[in-house]
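If you want the building blocks of each chain, they are given just below.
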Amino acid sequence: MTPNNIVHMALLKELGIIAVSDHNSAGNAAAVMAVGAREGLLVVPAMELCTTEEIHLLCLLPTLEAAQALEVAAWEGLVLPPNRPDVFGFQWRMDERDEVAGSDKRMLIAASALDVEAALRTVARLGGVAVPAHIDRDAYSMTAVLGTIPPEYGFRTLEVSERALPDMVRAAHPETADAAFLINSDAHHLWDIAEPAHAVELATRSIPALLDALRSGIGFLSVSA
């Protein structure tokens, strides 16, 4: 999962847009964005934020600087235990040449300093969009922790796992009936990067257009069974 391998695998899969969404970190976004810009692939700076309630939010940001600011906010005032490479592996930060530029010593698997409401305010202030992640799962999802998707949060887009059955998710959670489903590969290994089975119709292939679609829940569709 080096920056060049990620970008070139996405190009082989004929993907038009990818997002780099490391857990509670934006440390590798710059390198992948640089490789994407060089190779003609749009890379969105993002983060899978774990809130204090242990709810995962997929946060997509308009700029690298906004993603970096979200990372700072996620850890502000929080003292984390050190990472255990023997258990969780090394948390490398890489450059655009696929060389190790450093490693994050914090245990990024831990919950952040932001609860859901603070996270939503922070992401909105930074011009981004937060989407409840993998709501079909029994752990680290808003549905698992809160039992529902609270309507007062106003989500128009929700993420479900690639192998989820959308009709079953909607039947289990009627509050999702009017929301669009975003289906990502959530790849943790290079071979997990998905084929282009799902798409979103955008006026332009740009980060602002994608963020607008996520805010409105308009334009998402499946292009294969």
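The present account deals with the structure reproduced in this document. Bear in mind that the values here come from a model prediction, so they are computed numbers and not experimental data. (Residues numbered from 1 in each chain as written. Predicted model: local features only at pLDDT ≥ 70, side-chain atom pairs only at ≥ 80, totals over all residues. Heavy atoms only, no water.)

**With respect to the nonpolar core**
Soluble globular proteins tend to bury their nonpolar side chains together. C59, L61 and L70 are the most contacted members of the largest nonpolar core, which has 31 residues in total. Every residue in contact with L61, bar those within four places of it in the chain, is listed here: V44, P45, A46, A66, A67, L70, V123, L126, G128, I207 and L211. Listed in part, the 15 residues of the second largest apolar core include V44, L58, V131 and A213. (Core = buried A, V, L, I, M, F, W, Y, C linked by side-chain atoms within 4.5 Å. Buried < 20%, exposed > 50% of the residue type's maximum accessible area, 1.4 Å probe, protein only. Contact = heavy atoms within 4.5 Å.)

**Examining the side chain of D104**
On the secondary structure map, D104 appears in the loop between β5 (100–103) and α5 (116–125). Among the polar contacts made by the side chain of D104, one reaches the side chain of R93 at a distance of 2.7 Å. (Helix = DSSP H or I, 4+ residues; strand = E, 2+ residues; numbered from the N terminus. Polar contact = N/O pair within 3.5 Å; in protein donor to acceptor, adjacent residues only side chain to side chain.)

**So, the sheet that holds strand β1 (residues 17–20)**
With mixed pairing, 4 strands are arranged side by side in an open sheet as β1-β2-β3-β6. Pairing within the sheet leaves two strands with one partner each, and these edge strands are β1 and β6 (129–132). Across the sheet, the axes of successive neighbouring strands diverge by a mean angle of 30°, strand direction being ignored. Pairing of strand β3 (residues 56–60) with β6 involves 4 bridges; the strand directions are antiparallel. Note that in β6 the partner of L60 across the bridge is V129. Here helix α3 (residues 64–75) sits on the sheet in contact with β2 (42–50) and β3, set at roughly 10° to β2. (Pairing = 2+ DSSP bridges. Axes fitted to C-alpha atoms, helices over the stretch in contact; angles between N-to-C directions.)

**Some remarks on the packing of aromatic side chains**
To describe a pair of aromatic rings, you give the distance between the ring centres and the angle between the ring planes. Under the definition given, this model contains 2 aromatic pairs. Between F90 and W92, the aromatic rings sit 4.7 Å apart at their centres with planes inclined by 15°, giving stacked as the arrangement. Using a relative accessible area of 53% as the deciding quantity, one classes F90 as exposed. Ring geometry for Y153 against F155: centres 5.9 Å apart, planes inclined by 70°, an arrangement best described as edge-to-face. Over the ring of F181 we find R170; its NZ or CZ atom is 3.8 Å from the centre of that ring. (Phe/Tyr/Trp six-rings, centres within 6.5 Å; stacked < 30°, edge-to-face > 60°. Lys NZ or Arg CZ within 6 Å of the ring centre and 35° of its normal.)

**Description of the pairing of strand β7 (residues 157–160)**
Both faces of β7 are covered, namely the face carrying T157 and E159 and the face carrying L158 and V160. In terms of strand pairing, β7 meets strand β8 (residues 180–183) through 4 bridges, oriented parallel. Considered in β8, the bridge of T157 is made with A180. In this fold, the crossover linking β7 to β8 by way of helix α7 (residues 166–172) has right-handed handedness. (Right-handed = clockwise from strand over helix to strand, strands pointing away.)

**What to know about the environment of V87**
Along the polypeptide, V87 turns up in helix α4 (residues 85–88). For V87, a relative accessible area of 48% translates into the label partly exposed. Expressed as a C-alpha distance, the spacing of V87 and V129, which sit 42 residues apart in the sequence, is 32 Å.

**Quick notes on helix α8 (residues 207–216)**
Residues of α8 that are buried: I207, A209, L210, L211, A213 and L214. With a side-chain oxygen positioned 3.3 Å from the backbone nitrogen of A209, the residue opening α8 is S206. Immediately beyond the C-terminal end of α8, within one or two residues, lies G217, with a positive phi of roughly 70°.

**Here we look at unusual backbone geometry**
Here E54, not a glycine, exhibits a phi torsion of approximately 65°, which is positive. With respect to the element layout, E54 can be found in the loop between β2 and β3. We classify E54 as partly exposed; its relative accessible area is 38%. The backbone phi angle of Y140 is positive, close to 60°, even though this residue is not glycine. Mapped onto the elements of the fold, Y140 is located in the loop between β6 and α6 (142–146).

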